[in-house]
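Working through the structure, step by step
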Amino acid sequence: MEQFSGYPTQEPDSVSSFSVDAVSSFSVDAQGLQKQIDELSNFSDTPSPSVTRILYSKMDVFARRYIKNLMGLSGLSIREDAVGNIFGRWEGYEPELTAVATGSHIDAIPYSGKYDGVVGVLGAIEAINVLRRSGFKPRRSLEVILFTSEEPTRFGISCLGSRLLAGNEALMKSLETVVDSQNISFFDAARAAGYANDEEDLPSVFLKKGSYSAFVELHIEQGPILEEEGISIGIVTAIAAPASIKVDFEGNGGHAGAVLMPNRNDAGLAAAELALAVEKHVLESGSIDTVGTVGILELHPGAINSIPSKSHLEIDTRDINEMRRNTVIEKTHQSAITIAKNRGVRLSEFKIINQDPPALSDKSITKAMQAASQELNLSHKLMISRAYHDSLFMARISPMGMIFIPCYKGYSHKPEEYASIEDIANGVKVLALTLTKLSLY
């Protein structure tokens, strides 16, 4: 390996020897990293300070090229799979060993911010640069992954790339028929972006369990805890998994003035009552880790002077305890049946779209992250992730861990999302040192 910044190249004989001797040499190019975050945010379909970057859109393709260029400048060998997951690899001196991976996503929901996911991709590339500048040589290869479509914006599928990497055959089958809001099929969209040229290539995306010895994701917290407590690093012990439900009620419409209240079969009120029932069942769980949200509630025909004849709800419920979350789902289903009967409407659909299991971080990885934080003199705390991430599905392939950094007021998925470059740089250092420990193991 060529030398960087005057540091001698050597193959460390232990994790501790590198940590003690070289950690003080870790230098993050904070100015350059902030510039990259700002430049990437310009690949957006909405004006600054918001970011909108939808799967396989023109801006998504431009952003991917930007990332691949940075990977190349960092000396990584690059490959892409059939759906556009991008892998940048730094070959270790024992390349036959399974690699250590890190990464995140760069797609962004409409009118969101510029840090969600991006910190974990650009930060991972910078972590590689930090290690190169320090003179480190990895034993296990290190790989940076840009995951395709962590957000469900275009096709309603969250963590599309990482789900497929984890071998989700049901998802692969569903992609044959799924279309977006413009009736464009997944494969037409993918081909327009330069991927999925042959639908038969999709199984090649699947990775075998054990393909990586470890996976670590750096991410903004998307919550207020670290900032409020003045803590630099969050070490994730578990990721709460979502279950998504679609519910439809059908009643009788009519004129808002002419139909008297005792004679109504109002599908809108059925939906409203179910939304309150979701809140009730969540609060009854006995745990603060149980959450539920009715994020979509649509009424038909949607006129102020017309009684709703149809209603549609989409419900998100999450917990780190799968049984507790599933109890909420069952209670919600029973409430929907009862509400429909009492209000004289029909429950035409109660469909569980996905019901993913939560994931626990690997203890050896959390210990490595704790040790890295301590060696860097950074305060840290153990915490759970209530938002899901690609790490949730990478846990099905390899041992997994996540590093959180503070973000302003916990804001995320909106333009006000912000993380200071000092906090980002701290996260990059912890990631870099964790990668050394996992690579040398």
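Residues numbered from 1 in each chain as written. Predicted model: local features only at pLDDT ≥ 70, side-chain atom pairs only at ≥ 80, totals over all residues. Heavy atoms only, no water.

**Overview of the state of the cysteines**
- Enumeration according to the criterion identifies zero disulfides in this entry.
- Here C159 is not disulfide-linked; the sulfur of C407 is the nearest cysteine sulfur, at 18 Å.
- Under the relative-accessibility criterion, C159 is labelled buried at 0%. (Disulfide = S-S within 2.5 Å. Buried < 20%, exposed > 50% of the residue type's maximum accessible area, 1.4 Å probe, protein only.)

**Things to note about the packing of helix α2 (residues 30–41) against helix α4 (residues 118–134)**
- Packing of α2 against α4 brings their axes to within 10 Å, and their N-to-C directions diverge by 140°. When the axis of α2 is compared with that of α4, the two are oblique. By crossing handedness, the relation of α2 to α4 is classed as right-handed. Of the residues in α4, those in contact with L33, Q36, I37 and L40 of α2 are V118, L122, G123 and E126. (Axes fitted to C-alpha atoms, helices over the stretch in contact; angles between N-to-C directions. Helix = DSSP H or I, 4+ residues; strand = E, 2+ residues; numbered from the N terminus. Parallel < 35°, antiparallel > 145°, perpendicular 65-115°, else oblique. Left-handed = near helix turned anticlockwise from the far one by under 90°. Contact = heavy atoms within 4.5 Å.)

**So, the pattern of salt bridges**
- Under the counting rule described, the total for this entry stands at 23 salt bridges.
- In this structure, D38 engages K114 in a salt bridge whose closest nitrogen and oxygen atoms are separated by 2.8 Å. One end of the pair, D38, is in helix α2; the other, K114, is in the loop between β5 (108–112) and α4, and 76 residues separate them in sequence.
- Residue classification places D38 among the partly exposed residues on the basis of a relative accessible area of 29%. (Salt bridge = Lys/Arg side-chain N within 4 Å of Asp/Glu carboxyl O.)

**As for the sheet that holds strand β13 (residues 310–319)**
- In space, the four strands of this open sheet follow the order β11-β13-β9-β14, with antiparallel pairing throughout. The open sheet is flanked by β11 (291–300) and β14 (346–355), the only strands paired with a single partner. For this sheet, the mean inter-axis angle between neighbouring strands, taken without regard to orientation, is 15°.
- Direction of pairing for strand β9 (residues 241–250) relative to β13: antiparallel, over a ladder of ten bridges. Residue pairing in the sheet places K246 in a bridge with E314 of β13.
- On top of the sheet, helix α9 (residues 267–283) reaches β9, β11 and β13; it is set at about 10° to β13, its chief contact.
- Sitting on the sheet, helix α10 (residues 322–343) is in contact with β9, β13 and β14, with an inclination near 170° to β14. (Pairing = 2+ DSSP bridges.)

**Re the domain arrangement of the protein**
- We note that the domain assignment places domain 1 (20–240 + 358–440) and domain 2 (242–355) within the protein.
- When each unit is reduced to the centre of its C-alpha atoms, the spacing between domain 1 and domain 2 is 35 Å.
- On the side of domain 2, nine residues touch domain 1, which itself brings ten residues to the contact.
- Contact between domain 1 and domain 2 buries roughly 790 Å² in total, counting both sides, with carbon and sulfur atoms accounting for 63%.
- Considering only the side of domain 1, the residues that lose the most area to domain 2 are A240, P358 and R386, jointly responsible for 59% of the buried surface there.
- At the boundary of domain 1 and domain 2, one finds one salt bridge.
- For the salt bridge of D289 with R386, the shortest nitrogen-to-oxygen distance reads 2.5 Å.
- Taken together, the links from domain 1 to domain 2 amount to one residue pair in polar contact (both at pLDDT 80 or more).
- Looking at side-chain class alone, the side of domain 1 that touches domain 2 contains eight nonpolar, no polar and two charged residues. (Domains from an automatic or database assignment. Buried area = accessible area lost by both parts, 1.4 Å probe. Polar contact = N/O pair within 3.5 Å; in protein donor to acceptor, adjacent residues only side chain to side chain. Nonpolar A, V, L, I, M, F, W, Y, C, P; charged D, E, K, R; others polar.)

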